[in-house]
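Chains, contacts and geometry: an overview
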Amino acid sequence: QASGVQGSASVFQTFFGFIMSKALFVQMAAALQADGANLVKAGGAIFQFVISDTDTKFCLDLKNGNGSASFEENSAADVTITIADADMVAMAEGKLDGMQAFMGGKLKIKGNMMLAQKLQAILEAAKK
């Protein structure tokens with residue numbers, strides 16, 4: 001039985017060095033390869049993600065050309081979203097509302113806060 005496993009997700013990922021949100025970022029990069037022009041139209045900004053508990057940095061450029069995605073920090077980001085790994089995954093799965101995460105202090109936004117509201121649509125597009 002796997003009882004109690006969900007509650008210890010951060011212990012699990014720390015123990016195994018596994019970053020759950022990394023798969024999500026890879027999905028975003030794949031969506032960009034498939035439909036970059038439309039995602040750039042929808043996004044129109046550079047999104048910087050910082051996964052606070054793993055120090056993972058991911059930049060999603062939905063501003064230039066057909067967009068780009070890279071595991072790095074981009075100082076030109078229009079908005080920086082800082083969130084814990086498990087919370088990023090929960091948000092992508094629709095289990096955590098972005099506004100509730102922000103109000104509860106689980107999600108920090110630096111830069112153009114209005115751009116962060118586009119995040120849910122971008123996460124949806126990455127799933128397709």
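Here's a quick rundown of the structure.

Rules used throughout
Note on numbering: residues in each chain are counted from 1, in written sequence order. Owing to the predicted nature of the model, reporting of local features is limited to residues with pLDDT of at least 70; listing and counting of side-chain atom pairs is limited to 80 or more, with chain, interface and lining totals taken over all residues. Calculated side-chain values reflect all of the structure's heavy atoms, with hydrogen atoms and water omitted. For the purposes of this entry, the term helix denotes a DSSP run of H or I that reaches at least four residues, the term strand denotes a run of E that reaches at least two, and both are numbered from the N terminus. When a residue's accessible area, from a 1.4 Å probe over protein chains only, is under 20% of the maximum for its type it is buried; when over 50% it is exposed; and in between it is partly exposed. By the counting rule applied here, Lys and Arg register as positive and Asp and Glu as negative, while His and the ends of each chain are not counted. A carboxyl oxygen of Asp or Glu within 4 Å of a side-chain nitrogen of Lys or Arg is what we treat as a salt bridge. We call two residues contacting when some pair of their heavy atoms lies within 4.5 Å. Geometry of aromatic contacts follows a simple scheme: Phe, Tyr and Trp rings, the Trp one being its six-membered ring, pair when their centres are within 6.5 Å, and the pair is stacked under 30 degrees between planes, edge-to-face over 60, tilted otherwise. Two strands are said to pair when DSSP picks up at least two bridges between them. Angular values range over 0 to 180 degrees, each being the angle between N-to-C directions of two axes fitted as lines to C-alpha atoms, with helices fitted over their stretch in contact.

**Describing the side chain of Asp 87**
Here Asp 87 lies in helix H3 (residues 85-92). Buried Asp 87, no salt bridge; nearest opposite-charge side chain is Lys 106, N-O distance 4.0 Å. Excluding residues that lie within four positions of it along the chain, Asp 87 makes contacts with Leu 96 and Lys 106.

**Digging into the packing of aromatic side chains**
For the coordinates displayed, the defined rule picks out five aromatic pairs. For the ring pair Phe 25 and Phe 58, a centre distance of 4.3 Å and an interplane angle of 15° mean the geometry is stacked. Remark: Phe 58 occurs in strand S2 (residues 56-62) and Phe 25 occurs in helix H2 (residues 20-43); sequence separation between them is 33 residues. On the accessibility criterion, Phe 58 (1% relative accessible area) is buried. When the ring of Phe 49 is compared with that of Phe 58, the centres are 6.2 Å apart and the planes differ by 40°; the resulting orientation is tilted. For Phe 49, a relative accessible area of 0% gives the class buried.

**Considering the sheet that holds strand S4 (residues 79-83)**
Note: strands within a sheet are paired through backbone hydrogen bonds, in either parallel or antiparallel orientation. Pairing in this open sheet of five strands is mixed, and the strands run S3-S2-S1-S4-S5 from one edge to the other. If you trace the sheet from one side to the other, it starts and ends with strand S3 (68-70) and strand S5 (107-111), each paired once. Across the sheet, the mean angle separating the axes of adjacent strands is 15° when strand polarity is ignored. Note: strand S1 (residues 45-51) against S4, five bridges, orientation parallel. Of the residues in S4, the one forming a bridge with Gln 48 is Thr 80. Against the sheet, H2 touches S1, S2 and S3, its axis set at about 15° to S2.

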